[in-house]
Amino acid sequence: MKRLIKDFTLDELKKWVEEAGERPFRANQIFEWLYKKNATDVNAFTNIPLALRKKIEEEFILNSLRTIESMCDGESIKFLFELVDKNAIESVFLPYSYGNAICISTQVGCRMNCAFCASAIGGMIRNLSAGEMVDQIINVENVTEKKISNIVLMGSGEPFDNIENVFKFIDIVNSKEGKNIGARHITISTVGIVEGIYKLSEYPKQVNLAISLHAPNNQLRNELVPINKKYPIEEVLKAVDCYIEKTNRRVTFEYALIDGVNDSDECAKELAKMLSGRLVHVNLIPINPVNEKGFKRPPRERIREFYNILESSGIQVTIRRELGSSIAAACGQLRARHYKYIL
Ligand code: SF4
């Protein structure tokens, strides 16, 4: 069975090249074609001997994704990709003033079952490999003809539920021979898998951490984010404090605002009290409605009031720019629609 070439780090590819009877520098040349030139056809590798090209073709898949659909709302572009095994995943291209960002998926589906999320519909199917994550960047760059400078692991899937592949992915995109994207431009967004947060605290690269919190107390969070029963807020905060202490990096708390559920003044005050004194930033995300789940976005004034309470309590807070709501930009919605989980 063919393997995905982008699942190989440079050292692993050097080993393969040597076993194929070539000198290791050929792996650097291959990396250059794959990651600097985004080549997806081995025939483009003109400085690689024909015999080695043939061997690459026989043994490897060069591109693991096929675009099924892409939707643009004038700014952001949402992609639905088909994997080699016919599963589908989503990625979103987000142009910002500071550079182009991509939100990538780390799993097909998700087992975390957050109440408002379409990715959970249909359950968890499988982990993505490192190369399948890298290919989301390459394919989006090739279609948009724009360089990606920031990566958020916040699409479908829980990154810390696939931590080895996620760390390998970061090694490949961060390496100067690979995509050469700085670790500080990469953000892992987790629902609060405590072991993963501790591992990230020890990780040698300065990757950013975001926590999908969505509720200011365990009672409400148990309903919205069921994994909270295993990893309650106190445990998550303890792990976050450890990450901040070890890395001195600010942590983002994502808070999806849902009308009548977690958007009250009391929730805002409770949230402010919980986070006060910590090196954190709150990102308020007015929710994208997922039809079947019946959640609604709060009115604009309610969002503003929630924001004001946090801000006046000294919490750094932003409201996420509304990109992509018309193209189902919340994670999992396009895929769910594709599979007719929701219509
Ligand atoms: S919000 Fe994230 S962690 Fe929760 S179900 Fe969706 S993809 Fe999984």
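Just so it is clear, the model here is predicted, and its values are computed rather than measured. (Residues numbered from 1 in each chain as written. Predicted model: local features only at pLDDT ≥ 70, side-chain atom pairs only at ≥ 80, totals over all residues. Heavy atoms only, no water.)

A. Structural view of the site of the ligand. As a structural note, the neighbourhood of the ligand is formed by ten residues, with Cys110, Met112, Cys114, Cys117 and Gly157 the closest of them. Per-class residue counts for the shell around the ligand are six nonpolar, four polar and no charged. (Near = heavy atom within 4 Å. Nonpolar A, V, L, I, M, F, W, Y, C, P; charged D, E, K, R; others polar.)

B. Here's a closer look at unusual backbone geometry. Its identity is not glycine, yet glutamate 145 carries a phi of approximately 60°, on the positive side. Inspection of the secondary structure puts glutamate 145 in the loop between α4 (130–144) and β9 (150–153). Backbone geometry places asparagine 248, a non-glycine residue, at a positive phi of 60°. Checked against the element boundaries, asparagine 248 lands in the loop between α8 (233–247) and β12 (251–257). The exposed category is assigned to asparagine 248, whose relative accessible area is 63%. (Helix = DSSP H or I, 4+ residues; strand = E, 2+ residues; numbered from the N terminus. Buried < 20%, exposed > 50% of the residue type's maximum accessible area, 1.4 Å probe, protein only.)

C. A look at helix α10 (residues 300–312). In this model, α10 (13 residues) spans 18 Å end to end at C-alpha, consistent with the 18 Å of a helix rising 1.5 Å per residue. Of all the residues in α10, the buried ones are Ile303, Phe306, Tyr307, Ile309 and Leu310. Angular distribution of buried residues about the axis of α10 spans 160°; they occupy a single face of the element. Exposed side of α10, more than 90 degrees from the buried face: Arg300, Glu301 and Ser312 are the residues found there. Contact partners of the buried residues in α10: β12, α9 (265–275), β13 (280–286) and β14 (316–319). Taken from the residues just after α10, glycine 314 is the one with a positive phi, measuring 85°. (Expected span 1.5 Å × (residues − 1). Arc of directions from axis to C-beta. Contact = heavy atoms within 4.5 Å.)

D. Fine view of the domain arrangement of the protein. When cut into domains, the protein gives domain 1 (3–61) and domain 2 (66–338). The distance between the C-alpha centroids of domain 1 and domain 2 comes to 33 Å. With 15 residues of domain 1 at the contact, the number on the domain 2 side is 19 residues. The contact between domain 1 and domain 2 buries some 1300 Å² in all, and 54% of this surface belongs to carbon and sulfur atoms. Together, Lys6, Tyr35 and Asn38 form the three largest contributors to the area buried by domain 1 at its contact with domain 2, with a combined 40%. (Domains from an automatic or database assignment. Buried area = accessible area lost by both parts, 1.4 Å probe.)

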